[in-house]
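What follows is the residue order along each chain.
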Amino acid sequence: NYFERLEIYTGKEYAFSVGDDPQKIIYDGILQGASLEEKSKVKILLSSKSKPVPDIFGESYFPIISEKVKNILTSLPDSKYFEFLECDLHTKNKYYVLNILELVECFDWTKSKYETYPSNGKAISEIFELVMHIDKAGDRNLFRMKEKAVPLFISDYLAALFAQQKLTGYKITATNKFPLR
């Protein structure tokens, strides 16, 4: 598998999430790869009721996906790494917060160029050149790196499926485009 970054990008033609209600559960597990199955529905406020809601929106650290995306992800052999928390959006279609379980420890500390936070030498603040031990990702099609959990990494296979299904609200960025925050 070759991996690229999955970035959430809705543009001006789509509605997007506003407000801070989702922020309450981010650090309860999303960036740690922990389960959120004990949580109830998440209320999401949209920026516009007249604009269409894309298939993927929110933030890379808090992705919100449509039922269409959920169906694609649950059909994958690595679907055990995905958890879906239903959203209360007041739209005709269902949406879910996508939680990616079990972060992948694959950052190459020797070959990558990066900065750490002064207060914690193991917490990466910014990546200027990313080298990953991609073999540690195994059969994963979508994952977060344990060492820097905000970016999402997508396999070429899954990126092709997203394009084939004409999903909206995202863009694929090469992993060599920096800086990565």
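Right, let's walk through the structure included here. (Residues numbered from 1 in each chain as written. Predicted model: local features only at pLDDT ≥ 70, side-chain atom pairs only at ≥ 80, totals over all residues. Heavy atoms only, no water.)

Moving on, we come to empty space enclosed by the protein. If you walk through the whole model with that rule in mind, you get one cavity of 30 Å³ or more. Here the largest cavity is characterised by a volume of approximately 40 Å³. Lining the largest cavity are L6, I8, I56, P63, I65, V69, L73, L98, L142, L152 and F162. At the level of secondary structure, the elements contributing two or more residues to the lining of the largest cavity comprise β1 (3-8), β6 (62-66) and α2 (67-74). Of the residues in the lining of the largest cavity, the class split is eleven nonpolar, no polar and no charged. (1 Å grid on protein atoms, 1.4 Å probe; cavity = no way out; pocket = protein on both sides within 12 Å on 5 of 7 lines; lining within 4 Å. Points joined across faces, edges and corners; volume = space filled by probe spheres on them. Helix = DSSP H or I, 4+ residues; strand = E, 2+ residues; numbered from the N terminus. Nonpolar A, V, L, I, M, F, W, Y, C, P; charged D, E, K, R; others polar.)

Quick look at the layout of surface pockets now. Volume-wise, the largest pocket comes out at about 260 Å³. Around the largest pocket, the lining residues are K43, I44, L45, L46, S48, K49, K51, P52, V53, L89, H90 and T91. When grouped by side-chain class, the residues that make up the lining of the largest pocket number six nonpolar, three polar and three charged.

Our next topic: the packing of aromatic side chains. Counting across every chain of the model gives seven aromatic pairs. Centre to centre, the rings of F107 and W109 are 4.9 Å apart; their planes meet at 80 degrees, and the pair counts as edge-to-face. The partly exposed category is assigned to W109, whose relative accessible area is 27%. Ring geometry for W109 and Y114: centres 5.3 Å apart, planes at 85 degrees, overall edge-to-face. Site record: aromatic cluster; members linked through ring pairs are F107, W109 and Y114. The ring of W109 carries the charged tip of K122 above its face, separated from the ring centre by 4.5 Å. (Phe/Tyr/Trp six-rings, centres within 6.5 Å; stacked < 30°, edge-to-face > 60°. Buried < 20%, exposed > 50% of the residue type's maximum accessible area, 1.4 Å probe, protein only. Lys NZ or Arg CZ within 6 Å of the ring centre and 35° of its normal.)

What follows deals with the nonpolar core. In this structure, L73, L142, L158 and F162 are the most contacted members of the largest nonpolar core, which totals 21 residues. Breaking this core down by element, the ones donating at least two residues are β1, α2, β8 (95-100), β12 (152-155) and α3 (156-164). Not counting residues within four places of it along the chain, the set of residues in contact with L158 comprises I72, L73, L76, N141 and L142. Within the second largest apolar cluster, 15 residues are counted, among which are L36, V42, L85 and L89. (Core = buried A, V, L, I, M, F, W, Y, C linked by side-chain atoms within 4.5 Å. Contact = heavy atoms within 4.5 Å.)

You will see that E102, though not glycine, has its phi angle at about 55 degrees, which is positive. Inspection of the secondary structure assignment puts E102 in the loop between β8 and β9 (113-117). Even without glycine at this site, K166 takes up a positive phi of about 55 degrees. Within the secondary structure, K166 sits in the loop between α3 and β13 (170-173).

Attention now goes to α2. Buried within α2 are the following residues: V69, I72 and L73. Taken end-on, α2 shows its buried residues confined to a sector of 95 degrees, consistent with a single buried face. Packed against the buried residues of α2 are β5 (56-59), β6, β7 (82-88), β8, β11 (142-143) and α3. (Arc of directions from axis to C-beta.)

Functional significance is not addressed by these values, which are geometric in nature.
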